[in-house]
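# Coordinate inspection notes
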Amino acid sequence: MERQILLKQEISVDVPGHLGVFGSNSLWLWLDRGALRIGTILAGLVLVRYLGPSNYGVYATAIATGAIANIVTDLGLTRYGARTAAAWPQEIPRILAGSLLITGIFFVLEIAAFSVSLALGQTYAAALTAGLILTNFEGTSSLCAALLTGALRSRAILPASILSVCGTIAITLLAVWQHFSVLTLLSAMAVKSIIILGVRLLPMREWWPANHLFRFDEVLATVHRAWPYFSYALAEIAYSQMPVLCLSLVADRVQVGLFAAAIIIANIFPQWLFAASDALLPIITKFYESGENSRTSLMMQRVTDLFVMITVPIAIALSTLAPLICSLMGQQFTSSAPILRIAAFNCILTAIGTLLGSVYLTAANRIRERRNVFGAGVLATVALILVFGKIYGGAGAAVAVLVGNLAIDAAYVFLSRNAGLEIAIRPILAACLIGGGAVLVELTARQFMQNSIVLTAIALLSYAAGIILISRHTLGAAWGTFLECIHQRSEA
């Protein structure tokens, strides 16, 4: 009760003003995960061309394995920290102490496994272990970034991000020049991740934990409080990494490489969505903790309308340009175009799921319900990938992920309404249906021409015409939200 009273005293419930805060923090996080990571993604595309489908399949499998292991060893601290840093910043040292201790313990084990694998000549196992080391330290860096974002200090994450992008590009160019093997490449990336963590810790000096916070009982108490977030994180594995691993069980390495390459491209824009949601989470958390339910719903509605109006045309453009985009990766990857055409529409589902799940349900502390829904979605997605991936390869896996995300988003809508979120679904459905109609127009026109750029223009014009005719009010509201974010930020 005392915490809620303090929050009510500290927080102005002016929605336009908080849209300005949201816009300002989003800008810094977009630079981190959007503009800066474009360099990382472009470097990744160079690696795709250099390694080829088979070797890139090994690389993608190592990263996916490490990402899953990191979710397990993180114990939910990153997601717990993102919310807790916004509501109770005094808990940051405890969370940081737990993460650093766990990172150090598993690093010792990973180094031992890496050394044994090299001594036995097991290069594939060594590559997987290098992936574990890489993602272990990257995970801890992400936790630091989440704590800084929750404390509304998003700008402080940029120095380490800039260094990380420069390091990734340099290692990529060196790998192509010196013809690195997959093992050498992953090892170099692992060393870079250790250095980046050191830089990321510099802005955390004011929250550096006291020695007693590293005691086992203190860390155990922190992990216990983070348990609901950890149990959800275990279910969230399927969202980004499980498709690659599941497909590797039923398809050859070439199909895994084609699928992973398409997913890299499809995930470029969602990085910006994740950045914006991280900027929104502390604001919605403060609103929710202060009991401002009506303003919480208003804020969520305005941001959701904005996200949907942006993501639908981007998904259309990415899908229609898929043949052209995949051809730029080299002749070996032209067959990944059908996969990208399907995966592109995850942008829309990611926007909705991120806002409802990662922002609102997390702010409302409905982690257990979210975990249960996501867990069921994971099981369904895995089953579909094993079946569709076996029959249709990468394209089947892309369909499976799309269906799984659709089911999860539908469940999130139900959970959010039960948690008190009053948000209109009709504008979202209208935009998606209009987007679907635009795709049908493009597919019809493709029978008469093959120019991807012209077809993309036709699809986007069809979407724009449909929105103006049917949902111009929602379009106007989304544009107003965007202007308020920019206007308030410029005044700050």
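The interhelical angle for the contact between helix α13 (residues 293-320) and helix α19 (residues 426-446), taken along N-to-C directions, is 15°, at an axis separation of 10 Å. Classified by the angle their axes make, α13 and α19 are roughly parallel. The handedness of the crossing between α13 and α19 is right-handed. Listed contacts from α19 to Thr-304, Asp-305, Val-308, Met-309, Val-312, Ile-316 and Thr-320 of α13 are Pro-427, Ile-428, Ala-431, Gly-435, Ala-438, Val-439, Glu-442 and Arg-446.

Tallied over the entire structure, the rule returns seven salt bridges. The partner of Glu-138 in a salt bridge is Lys-192, with the nearest N and O atoms 4.0 Å apart. In this pair, Glu-138 sits in helix α5 (residues 123-150) while Lys-192 sits in helix α7 (residues 182-200), placing the two residues 54 residues apart along the sequence. Since its relative accessible area comes to 9%, Lys-192 is described here as buried. Between Arg-341 and Glu-442 there is a salt bridge whose closest N-O contact spans 3.0 Å. You can see Arg-341 sitting in helix α15 (residues 337-343) and its partner Glu-442 sitting in helix α19, a full 101 residues away along the chain. Here the two residues Arg-341 and Glu-442 agree in accessibility, since each one is buried. What emerges from the salt-bridge pattern is a single network uniting Arg-94, Arg-215, Asp-217 and Glu-218.

Here the structure, examined in full by the defined rule, presents one aromatic pair. Seen from their ring centres, Phe-107 and Phe-137 are 5.0 Å apart, and the 80° between their planes marks the pair as edge-to-face. Of this pair, Phe-107 sits in helix α4 (residues 92-119) while Phe-137 sits in helix α5, and the two are 30 residues apart along the sequence.

Looking now at a nonpolar patch on the surface. Judged by side-chain polarity, Leu-249, Leu-386, Val-387, Ile-391 and Tyr-392 come together as a nonpolar surface patch covering roughly 540 Å² of accessible area. It is helix α17 (residues 367-392) that contributes the most residues to the nonpolar patch, four residues altogether. In this fold, Ile-391 is placed in helix α17.

One non-glycine residue with positive phi stands out, namely Leu-75, at about 60°. By the secondary structure assignment, Leu-75 is in the loop between α2 (15-74) and α3 (77-87). Among the residues examined, Leu-75 registers a relative accessible area of 22% and is labelled partly exposed. Here His-179, not a glycine, exhibits a phi torsion of approximately 60°, which is positive. Inspection of the secondary structure puts His-179 in the loop between α6 (158-178) and α7. Under the relative-accessibility criterion, His-179 is labelled exposed at 61%.

The subject of this paragraph is the confidence of the model for the chain. The pLDDT averaged across the chain works out to 79; a share of 85% of its residues lies at or above 70. With pLDDT under 50 throughout, residues 488-492 is counted as low confidence; its partners more than four residues away or in other chains account for seven contacts.

Turning next to the packing of α6 against α7. Their axes nearest at 10 Å, the elements α6 and α7 cross at an angle of 165°. One finds that α6 runs roughly antiparallel with respect to α7. The hand of the α6/α7 crossing is right-handed. Counted together, Ala-160, Ser-161, Leu-163, Ser-164, Gly-167, Thr-168, Ile-171, Thr-172 and Ala-175 of α6 and Leu-185, Ala-188, Met-189, Lys-192, Ile-196, Val-199 and Arg-200 of α7 form the full contact between these two elements. Residue composition of the contact of α6 with α7, grouped by class: nine nonpolar, five polar and two charged.

The rules behind each value
- Residues numbered from 1 in each chain as written.
- Predicted model: local features only at pLDDT ≥ 70, side-chain atom pairs only at ≥ 80, totals over all residues.
- Heavy atoms only, no water.
- Axes fitted to C-alpha atoms, helices over the stretch in contact; angles between N-to-C directions.
- Helix = DSSP H or I, 4+ residues; strand = E, 2+ residues; numbered from the N terminus.
- Parallel < 35°, antiparallel > 145°, perpendicular 65-115°, else oblique.
- Left-handed = near helix turned anticlockwise from the far one by under 90°.
- Contact = heavy atoms within 4.5 Å.
- Salt bridge = Lys/Arg side-chain N within 4 Å of Asp/Glu carboxyl O.
- Buried < 20%, exposed > 50% of the residue type's maximum accessible area, 1.4 Å probe, protein only.
- Phe/Tyr/Trp six-rings, centres within 6.5 Å; stacked < 30°, edge-to-face > 60°.
- Patch = residues over 30% accessible without salt bridge, like charges linked within 9 Å, V, L, I, M, F, W, Y side chains within 5 Å.
- Areas by Shrake-Rupley, 256 points an atom, 1.4 Å probe, with all protein chains shown as cover.
- pLDDT = per-residue confidence, 0-100.
- Nonpolar A, V, L, I, M, F, W, Y, C, P; charged D, E, K, R; others polar.

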